[in-house]
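Survey of secondary and tertiary structure
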Amino acid sequence: MELRQLRYFVTVVEEGSFTRAAARLHLAQPGLSAQVRQLESELGQPLLDRSHRSVTLTETGRAVLPYARAALAAADAVRETVDAYTGLLRGRASLGLVSGAAGHAFDIAAFLADFHEAHPALEIALTEDTSERMQAALLAGELDIALLGPTGEVPPPGLSLQTVIDVPLAVVAEAGDPVFDGADRTGIPLAGLRDRALICLPRGTGVRAALERACAQVGFRPRVAFEAAAPDVLARLAARGLGVAVLPSGEEEDGSSIGVPLRTLTIVHPQIRARIALAWRSTGPAGPAARALLDRLRESLPAVGGNPCRHRCLESGRRCICL
């Protein structure tokens, strides 16, 4: 029995497919299948049921899986102990990023390049997804760290959050849109969006969740006509008269780039906050690679309170990522 065979077995279980496991391990599928069969032959029992569309564990496989994971964890711990003495950080860390956030207030590409230069033996897997799915992935252990928009008023049990951006929501529409009738400079009441076609971020994002909660409190359900992950697309749709865009303050534009004058007002009564937070499991990342990545991220993205985002973005010349 070899450690690599145990790793192949565990990976197939996690992926539920030999094809996906082979792609993740950068192996040819026939070779992967042969190694798992060799492990089963040595143990004298089938570990996987291949009769269905997805690969599932046999009863023996379910009993073996925790020991296989424990053996792999022990082997990793041996390597980590040696690396600690040599000062070398190796391993793999997974980082989730809310869709559309890359390239705004936080230059993730520059951050990862600097981090890789400091730790060349460390592998980082970067994925983009909605905040809701990333929260679930963190709790399931499928992600180590994520930059996301919290979808609830309080963090889900088991997650720790460090808020890095906190701004109010605003509406963006053509300058002459009736939504602005009767509004003053202080903002537009949320009730003024009742029965209006809205353009917003998709479900599963923090902004959408915050908007729907606030509308329920006021007594109506938002009528979202268009969805898009990129805030600039929302503004462009509003510029074409397709509805009123709801955006985090700081993401709006004046319409000069598309030749249509746009007007922006903060939503009030109640004011709705859009937040981006660094999130991780409360127990901490499992491996030293993820722990090092989290420490560096927390240093690079200091916690904020109140509404400092706009000041920070103006100083840096970058746009915020309040998604």
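Below or above, wherever it landed, is the structure these notes cover. All figures in this text were calculated on a predicted structure; none of them were measured in a lab.

**Focus on the packing of aromatic side chains**
Per the counting criterion, the structure on display carries one aromatic pair. With a centroid separation of 6.1 Å and 10 degrees between ring planes, the pair formed by F111 and F115 is classed as stacked. Highlighted residues: F111 and F115, both in helix α5 (residues 108-118), separated by four residues, approximately one helical turn. Owing to a relative accessible area of 7%, F111 belongs among the buried residues under this scheme. Since its relative accessible area comes to 1%, F115 is described here as buried.

**Section: the nonpolar core**
Counting residues in hydrophobic clusters, the biggest one holds 67 residues, and the most contacted among them are L190, L193 and I267. In terms of residue count, strand β6 (residues 159-174) provides more of this core than any other element does, eight residues in total. Other than its neighbours up to four places away in sequence, I267 contacts L169, A170, V171, I188, L190, L193, V246 and I272. Judged by nonpolar contacts, the second largest core, of 18 residues, contains Y8, F18, V55 and L65.

**Observations regarding the pattern of salt bridges**
Applying the stated criterion across every chain, the model contains 15 salt bridges. The partner of R133 in a salt bridge is D129, and the shortest N-O contact between them spans 2.6 Å. Measuring nitrogen to oxygen at the nearest pair gives 3.2 Å for the salt bridge that ties R275 to D166. Of the two residues, R275 sits in strand β12 (residues 273-281) while D166 sits in strand β6, which places them 109 residues apart along the sequence. Several salt bridges converge on common partners, so that one network encompasses E14, E15, R20, R24 and R69.

**A short note on the side chain of Q5**
Inspection of the secondary structure puts Q5 in helix α1 (residues 3-15). When its relative accessible area of 2% is taken as the criterion, Q5 is described as buried. Residues in contact with Q5, not counting those within four places in the same chain, are Q35, Q38, L39 and E42.

Cut-off values and rules
Residues numbered from 1 in each chain as written. Predicted model: local features only at pLDDT ≥ 70, side-chain atom pairs only at ≥ 80, totals over all residues. Heavy atoms only, no water. Phe/Tyr/Trp six-rings, centres within 6.5 Å; stacked < 30°, edge-to-face > 60°. Helix = DSSP H or I, 4+ residues; strand = E, 2+ residues; numbered from the N terminus. Buried < 20%, exposed > 50% of the residue type's maximum accessible area, 1.4 Å probe, protein only. Core = buried A, V, L, I, M, F, W, Y, C linked by side-chain atoms within 4.5 Å. Contact = heavy atoms within 4.5 Å. Salt bridge = Lys/Arg side-chain N within 4 Å of Asp/Glu carboxyl O.

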